Amino acid sequence: MLYVLLVVLAVIAGKVISSRLSRARRARREAELRQSLVPRDQLVLRGDEPSAELTAVLDAAGAGDWRPVAEYLAEADGDGDAYLRWMRMAPLSAAAAKEDHWLRSWREEEPRNATAVLLQTDALVQLAWEIRSDLYASEVTQEQARGFHRVLRDAEQVALEAVELAPAEDPNPWVAQIAIAMGLGWSREDFRGLWAEVVARDPHHLRAHEGALQYWCAKWHGSHELMHAFVDTALADAPAGSLLTVLKVRACFEQITRDKAGAAAYRTPEFTAAVDALLADLAQADPAHPQLQSARGWAAWSLVMNARVAPALELFRVMGGEVAGPWLSYEDPRQAFDRMREIAVRAIARAKA
């Protein structure tokens, strides 16, 4: 009897020791994996650290001088990529939405400058959405809603001027109207007319497609079916490396969030295929693509949700310390980004312990 008891105690002790060793190995493995990532206190948000050139231009605008802005934007006028020109303008539109005295001076001195008119259009759009906030429609106050629609109607009028003044082949004055159409509730027929103008000029404009996806999603003026149909049409002839594949992942996110579906919804064959397509697109994208980091963020997030933590961790390493993608919409993007990295780290360490 004593012998049996000793054997049982030995087995139990062995299991305890084995468990402790396993935990120790897991802890060491977690520490090693974390060391390959940029520490949380060094993370920065995408766009928080503009280039020296853009910083100088923004500083000049803040001081009331619009000419460096005009020169900065003129540098991109010869570029045939309308999307790149749009992205170059975006931080200046955001600045003008907060303080536009320099833009008003530009418009007064050069009233028919097409770039200034387009910039004013987008600045008004951004101002309108700041007034509305990112709350659900049921939480937006009547005062916010009135201000939102008033400023969007102003933007709608300026957008017509932008169309008139811009080169006929430029899609951006039309792209600027997508958010206006969504906010003012344009009919589907009118929106399709607007979209036809955009794609006739640039069929793969990423920012335009991101905006149109929102119009067609169920929370605005479409449905799950219309949203997915729009995305599938866009991807049918999208060139490799365009990063338009991020649209399918985002469409799935919109649907799953809207339906309040569980984690299993991110592990379906459909979602897995969307993630795989995005990964293939990333592998062929231009390293200088302005949305590359954002697409990496969506891919890393999707891989974790899809229970593929090892490739997700590789993407987190590639992303370094710049937070981009879905986390930018979180209340605390750095914390949310770091938390998802930690999920990947622990899952990998647990599997190898």
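Above this note sits the structure.
Note that the coordinates shown come from a computational prediction; the quantities given were computed from them, not determined experimentally.

## Structural notes on the overall build of the protein chain
- Helix and strand content of the protein chain: 16 helices and two strands.
- Taken along the three principal axes of its C-alpha coordinates, the protein chain extends 100 × 45 × 45 Å.
- Looking at the protein chain residue by residue over its 353 residues, the buried ones come to 44%.
- Within the protein chain, contacts between residues at least 6 apart in sequence are counted, and of these 69% link residues at least 24 apart.
- Here the protein chain has roughly 18100 Å² of accessible surface; of this, 54% comes from carbon and sulfur atoms.
- Side chains of the protein chain give 40 positive and 49 negative charges; the mean places of these two sets differ by 13 Å.

## Regarding the state of the cysteines
- Applying the stated criterion to the full structure yields zero disulfides.
- For C217, which is in no disulfide, the shortest distance to another cysteine sulfur is to C252 and amounts to 13 Å.

## Here's the deal with the pattern of salt bridges
- What the rule picks out here adds up to 20 salt bridges.
- Put simply, E75 and R88 hold a salt bridge, and the shortest N to O gap is 2.7 Å. Note that E75 is positioned in the loop between α3 (67-74) and α4 (82-98) and R88 in helix α4, a separation of 13 residues in sequence.
- Taking relative accessible area as the criterion, E75 reaches 52% and is therefore assigned exposed.
- The exposure class assigned to R88 is partly exposed, which follows from its relative accessible area of 21%.
- Several salt bridges converge on common partners, so that one network encompasses E30, R34, E342 and R346.

## Things to note about the packing of aromatic side chains
- As enumerated under the stated definition, the model contains 15 aromatic pairs in all.
- Plain terms: the ring middles of Y215 and W216 are 5.0 Å apart, the flat faces sit at 85° to each other, and that makes the pair edge-to-face. Each member of the pair, Y215 as well as W216, is classed as buried.
- Relative to F271, the ring of Y266 lies with its centre 5.2 Å away and its plane at 80°, an arrangement referred to as edge-to-face.
- Using a relative accessible area of 7% as the deciding quantity, one classes Y266 as buried.
- Residue F271 is classed as buried on the basis of its relative accessible area, which comes to 1%.

## Overview of the side chain of H228
- The topology assignment puts H228 in helix α11 (residues 224-236).
- A polar atom in the side chain of H228 sits 3.0 Å from the side chain of K248.
- Setting aside its immediate chain neighbours within four residues, H228 contacts K248, A251, C252 and Q255.

## Looking at the nonpolar core
- Core analysis: the biggest nonpolar cluster contains 86 residues, and V69, W102, W106, L119, F316 and W327 have the highest contact counts within it.
- Once residues within four sequence positions are removed from consideration, W102 is found in contact with A61, G64, W66, V69, L92, A96 and L119.

## Brief notes about unusual backbone geometry
- Unlike most non-glycine residues, K260 shows phi in positive territory, near 55°.
- Topologically, K260 is positioned in the loop between α12 (246-259) and α13 (269-284).
- With relative accessibility at 77%, the residue K260 sits in the exposed group.
- Positive phi is not limited to glycine here, since A307 has a value of about 65°.
- On the secondary structure map, A307 appears in the loop between α14 (292-305) and α15 (309-319).

## Comments concerning the packing of helix α5 (residues 101-109) against helix α6 (residues 114-132)
- Contact pair α5 / α6: the axes reach a minimum separation of 10 Å and the direction vectors enclose 145°. Here the hand of the crossing between α5 and α6 comes out left-handed. Contact residues: α5 offers W102, L103, W106 and R107, while α6 offers T115, A116, V117, L119, Q120 and A123.
- Its residues assigned to classes, the contact of α5 with α6 comprises seven nonpolar, two polar and one charged.

## As for helix α2 (residues 52-62)
- Taken together, the buried positions of α2 are occupied by L54, V57, A60 and A61. For α2, the angular spread of buried residues about the axis comes to 120°, placing them on one side. What points out from α2, more than 90 degrees from its buried face, is the exposed set A52, D59 and G62.
- Turning to α2, the residues buried within the fold contact α3, α4 and α5.

## A closer look at the packing of α4 against α6
- It is the contact of α4 with α6, at a shortest axis distance of 8 Å, that shows an interaxial angle of 60°. With respect to α6, the axis of α4 lies oblique. Considering the relative orientation of α4 and α6, their crossing is right-handed. The segment α4 lies against α6, with W86, M89, A90, L92, S93, A94, A96, A97 and K98 engaging L118, L119, D122, A123, Q126, L127 and E130.
- Tallied by class, the residues present in the contact of α4 with α6 amount to eleven nonpolar, two polar and three charged.

## What about the environment of A82?
- Here A82 shows up in helix α4.
- Among residues more than four places away in sequence, those in contact with A82 are P171, N172, D202 and H205.

Conventions we followed
Residues numbered from 1 in each chain as written. Predicted model: local features only at pLDDT ≥ 70, side-chain atom pairs only at ≥ 80, totals over all residues. Heavy atoms only, no water. Helix = DSSP H or I, 4+ residues; strand = E, 2+ residues; numbered from the N terminus. Buried < 20%, exposed > 50% of the residue type's maximum accessible area, 1.4 Å probe, protein only. Contact = heavy atoms within 4.5 Å. Areas by Shrake-Rupley, 256 points an atom, 1.4 Å probe, with all protein chains shown as cover. Lys, Arg positive; Asp, Glu negative; His and termini not counted. Charge placed at Lys NZ, Arg CZ, Asp CG, Glu CD. Disulfide = S-S within 2.5 Å. Salt bridge = Lys/Arg side-chain N within 4 Å of Asp/Glu carboxyl O. Phe/Tyr/Trp six-rings, centres within 6.5 Å; stacked < 30°, edge-to-face > 60°. Polar contact = N/O pair within 3.5 Å; in protein donor to acceptor, adjacent residues only side chain to side chain. Core = buried A, V, L, I, M, F, W, Y, C linked by side-chain atoms within 4.5 Å. Axes fitted to C-alpha atoms, helices over the stretch in contact; angles between N-to-C directions. Left-handed = near helix turned anticlockwise from the far one by under 90°. Nonpolar A, V, L, I, M, F, W, Y, C, P; charged D, E, K, R; others polar. Arc of directions from axis to C-beta. Parallel < 35°, antiparallel > 145°, perpendicular 65-115°, else oblique.

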